[in-house]
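Residue-level listing of the chains:
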Amino acid sequence: MSQHLEGQTAIITGGMRGIGLGIAKRLRQAGANIVIWDLNVDQWDASAAGFTPTLRQAVNVASLASVEAAFAEVVEQLGRVDILVNNAGINGPVVESWNYPVEAWDQVLAIDLTGVFYCCRTAIPHMRERQYGRIVNVASMAGKDGVQYISAYSAAKAGVIAFTKSAAKELAQDGVLLNCIAPAMVETGLMAEMTPEHIAASKAKIPMGRFLQIEEIANMVTWIAGPECSFTTGFVFDLSGGRATY
Ligand SMILES: NC(=O)C1=CN([C@@H]2O[C@H](COP(=O)(O)OP(=O)(O)OC[C@H]3O[C@@H](n4cnc5c(N)ncnc54)[C@H](O)[C@@H]3O)[C@@H](O)[C@H]2O)C=CC1
Ligand SMILES: CC(C)c1ccc(C(=O)O)c(O)c1O
């Protein structure tokens, strides 16, 4: 396997399980030193993951103070951050938009959108100073299409796409590239929060007729996060099994 990220440092938010863990594992195989940020980082299953991260930090991405303190510690201990994967996210209630609880709306937006902004805001000055960085924001097909009964999640993911495009233009001459991925449904803890009817409806929208696999996301992210991705910024890379039409 290519070791093209040897010596680089990658932060993966929400990296304790699911898609984030899969991305972390694959970036490690490519040679990167891995920093895991998650709400609770006590339980690391090294035999299941197949590696031990260089650092694990308890971070709430919805708290700027938490993000800034953790980032400073990474720079102090490892000296550099080359890759930031903004993966942490929640779904929230599955309910009509007009009945969506206001507190839950605020929480979904705080984690899924503002959390991405906080992590980028914190990492970008360091990357600009080094004139190198790769930021991969995990959006969703829900952010492109809008999915019924998960309006806060869909709105937050649409916001992640627009934020990525804006910041990418600002940083295009600084060696700092920002891109998004827009996965369709993957069988993780997050998907389990959907109702069986919604899961079946989502699967039915995918021409390939199957769910996306975590390894497929991790492989794509590993390329986007590396130096070979050199002329693409502000882009949304779909993982939709043929579903995406734009
Ligand atoms: N599972 C799916 O079908 C899809 C997922 N996605 C996105 O992929 C990303 C990962 O999702 P999954 O792995 O499925 O979810 P998951 O629920 O399995 O994992 C999410 C991780 O994020 C962490 N997290 C949640 N809130 C946090 C916070 N405030 N600060 C730090 N960490 C926090 C959780 O503790 C957990 O480890 C999310 O952004 C999700 O929206 C996108 C498209 C489809
Ligand atoms: C698992 C998350 C909440 C989710 C659910 C449904 C869709 C979809 O139908 O497109 C998504 O893209 C998701 O990210």
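Structure: above.
Here we summarise the structure given alongside this text. Everything numeric here is computed off the predicted structure, so don't read it as measured data.

Parameters and conventions
- Residues numbered from 1 in each chain as written.
- Chains lettered and ligands numbered in written order.
- Predicted model: local features only at pLDDT ≥ 70, side-chain atom pairs only at ≥ 80, totals over all residues.
- Heavy atoms only, no water.
- Helix = DSSP H or I, 4+ residues; strand = E, 2+ residues; numbered from the N terminus.
- Rg over C-alpha atoms; globule rule 2.2 N^0.38 Å.
- Buried < 20%, exposed > 50% of the residue type's maximum accessible area, 1.4 Å probe, protein only.
- Areas by Shrake-Rupley, 256 points an atom, 1.4 Å probe, with all protein chains shown as cover.
- Lys, Arg positive; Asp, Glu negative; His and termini not counted.
- Charge placed at Lys NZ, Arg CZ, Asp CG, Glu CD.
- Near = heavy atom within 4 Å.
- Polar contact = N/O pair within 3.5 Å; in protein donor to acceptor, adjacent residues only side chain to side chain.
- 1 Å grid on protein atoms, 1.4 Å probe; cavity = no way out; pocket = protein on both sides within 12 Å on 5 of 7 lines; lining within 4 Å.
- Sits in = over half its atoms within 2 Å of the grid points.
- Contact = heavy atoms within 4.5 Å.

1. So, the overall build of the protein chain
Piece 1. On a plain count of helices and strands, the protein chain comes out with eight helices and seven strands.
Piece 2. Against the globule reference of 18 Å for 246 residues, the protein chain gives a C-alpha radius of gyration of 17 Å, in line with a compact fold.
Piece 3. Along the three orthogonal principal directions, the C-alpha set of the protein chain runs to about 45 × 40 × 40 Å.
Piece 4. In the protein chain, which comprises 246 residues, the share counted as buried stands at 52%.
Piece 5. Accessible surface, the protein chain as shown: approximately 11100 Å² in total, 53% of it carbon and sulfur.
Piece 6. Placing the 18 positive and 23 negative side-chain charges of the protein chain at their respective mean positions leaves the two points 7 Å apart.

2. Let's talk about the environment of P125
Piece 1. As for its position among the elements, P125 is in helix α4 (residues 102-130).
Piece 2. Between the alpha carbons of P125 and V176 there is a distance of 10.0 Å; along the sequence they are 51 residues apart.

3. A word on the site of ligand 2
Piece 1. Every residue near ligand 2 is listed here: N91, S140, M141, A142, V147, I150, Y153, P183, M185, S202, K205 and R243.
Piece 2. S140 places a side-chain nitrogen or oxygen 2.7 Å from an oxygen atom of ligand 2.
Piece 3. One of the side-chain nitrogen or oxygen atoms of S202 is found 2.8 Å away from an oxygen atom of ligand 2.
Piece 4. Taking 350 Å² as the accessible area of ligand 2 by itself, protein coverage stands at 95%.
Piece 5. Judged by the fraction of its atoms near the pocket grid, ligand 2 is located in the largest pocket.

4. Some points on the side chain of D82
Piece 1. As for its position among the elements, D82 is in the loop between α3 (64-78) and β4 (83-86).
Piece 2. Side-chain polar atoms of D82 contact the backbone nitrogen of T9, separated by 2.7 Å.
Piece 3. Apart from residues no more than four positions distant in its own chain, D82 is found in contact with G7, Q8, T9, M127, R130, Y132, G133 and R134.

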